[in-house]
Each structure stands twice: as C-alpha cells, then as structure tokens.
Amino acid sequence: MERNIVLLSGITDDQNNLLAAGGVNSATDLSMLEHDDVKGILTTASVVLTRKLWRIGKYVAAGQTVQATTTLADITTFFAMSTRPRAAAAAPVPPTAPNALEVMRGAPIQMRKTSELIPHPPFLLEEKKANPVAPEERTYDWKRFMV
C-alpha cells in the first residue's frame, strides 16, 4: 500500500500485511472496496480505522490522489462539497417585465414614482438659486401628491 495512505489511515504493519494478503496492494485496489469488504479483511480493526480506509478508497475512486499533505479533513470536505445540493440559478427577469417599484398601490394613499412627486424643471432650480429660502420657511402642497 502507498506510504501516504498508510500514514493517513494509521494502520499498523500487521494490518497492512492483512490487506496485502486480501489482495489490497494499492490505492486503486482500496478504491474498489466497500466498507464491509474492509471490515471482512481487517476483522480485529476498529470501526474508525475501517471507516478511514473506506473513505480514503472513495476519495481515490473519485479521481483524487492522496498526497503527503492530504488530511482526513480534506477528504471529508471534498465529499461534503460534492454532495451539497447546488443552488438554483435565479431566472433572468425579462426586459418587458414591469418594475414593481415604479407604481405601488396601497392604503390609504396611492404611491407614485419619486420623479412624479417632486418635479425638478430647470426654471425651478434657477429660481431656487436666485431666491434661497430658509428650511423653516419652506412649504409644500402635500395634497397635490395624494390621490
């Protein structure tokens, strides 16, 4: 068995010899085994050890290689990411769809676009610059905007 797999799984030399006697000599051989097969070969090994070997085998079967820097957390993360359901992409909004914010209807008044409420024609802006009004003196005709 490859040295990286032996180190990562923590199997002893005796357990490695048992695997070799069972026909498991490489990572490819390990990738073909199910958990029950590993338990059948290593009858005295703990459940944790057999699960480690089985997950390493699944990792290799998924096309990954066990490097010297690979950890069990890397393998667990790999499987967690590959089995997570993918988020559905948001459907594009057709260009002809009405903008919900342009006209809102509700009680007690009907709301309109901001540009309809406060018009800013150029002559008003010029007049405002010529005759500035203190904020406390400003008056607005709010009834004009209510429907």
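Before any of the text, the structure's been laid out above.
Summarised in this report is the structure supplied together with it. (Residues numbered from 1 in each chain as written. Predicted model: local features only at pLDDT ≥ 70, side-chain atom pairs only at ≥ 80, totals over all residues. Heavy atoms only, no water.)

Remarks on the overall build of the protein chain
Thinking step 1. For the protein chain, the count of helices and strands is eight helices and two strands.
Thinking step 2. Mapped in sequence order, the helices and strands of the protein chain form the string α-α-α-α-α-α-β-β-α-α.
Thinking step 3. Evaluated residue by residue, the protein chain yields a buried proportion of 21% over its 147 residues.
Thinking step 4. Long-range pairs, those at least 24 residues apart, make up 47% of the contacts in the protein chain with a sequence separation of at least 6. (Helix = DSSP H or I, 4+ residues; strand = E, 2+ residues; numbered from the N terminus. Buried < 20%, exposed > 50% of the residue type's maximum accessible area, 1.4 Å probe, protein only. Contact = heavy atoms within 4.5 Å.)

Focus on the environment of Leu 19
Thinking step 1. Tracing the backbone shows Leu 19 in helix α2 (residues 13-21).
Thinking step 2. You can call Leu 19 buried: its relative accessible area is 0%.
Thinking step 3. Remark: the alpha-carbon pair of Leu 19 and Asp 29, spanning ten residues in sequence, is separated by 9.9 Å.
Thinking step 4. With residues up to four places along the chain from it excluded, the contact list for Leu 19 reads Met 1, Ile 11, Val 24, Ile 41, Leu 42 and Leu 53.

As for the side chain of Thr 70
Thinking step 1. As for its position among the elements, Thr 70 is in the loop between α5 (47-61) and α6 (72-83).
Thinking step 2. Side-chain polar atoms of Thr 70 contact the backbone nitrogen of Gln 67, separated by 2.9 Å.
Thinking step 3. Other than its neighbours up to four places away in sequence, Thr 70 contacts Leu 8, Tyr 59, Thr 65 and Ile 75. (Polar contact = N/O pair within 3.5 Å; in protein donor to acceptor, adjacent residues only side chain to side chain.)

A look at the nonpolar core
Thinking step 1. Core analysis: the largest hydrophobic core is formed by 20 residues, its most contacted members being Leu 30, Leu 53, Ile 56 and Val 66.
Thinking step 2. Every element with two or more residues in this core is listed here: α1 (3-9), α3 (27-31), α5 and α6.
Thinking step 3. It is α5 that provides the largest number of residues to this core, a total of five residues.
Thinking step 4. Not counting chain neighbours up to four residues away, the residues in contact with Ile 56 comprise Ile 5, Leu 8, Ser 9, Leu 30, Val 66, Leu 72 and Ile 75. (Core = buried A, V, L, I, M, F, W, Y, C linked by side-chain atoms within 4.5 Å.)

Remember, this is a structural readout, not a statement about activity or role.
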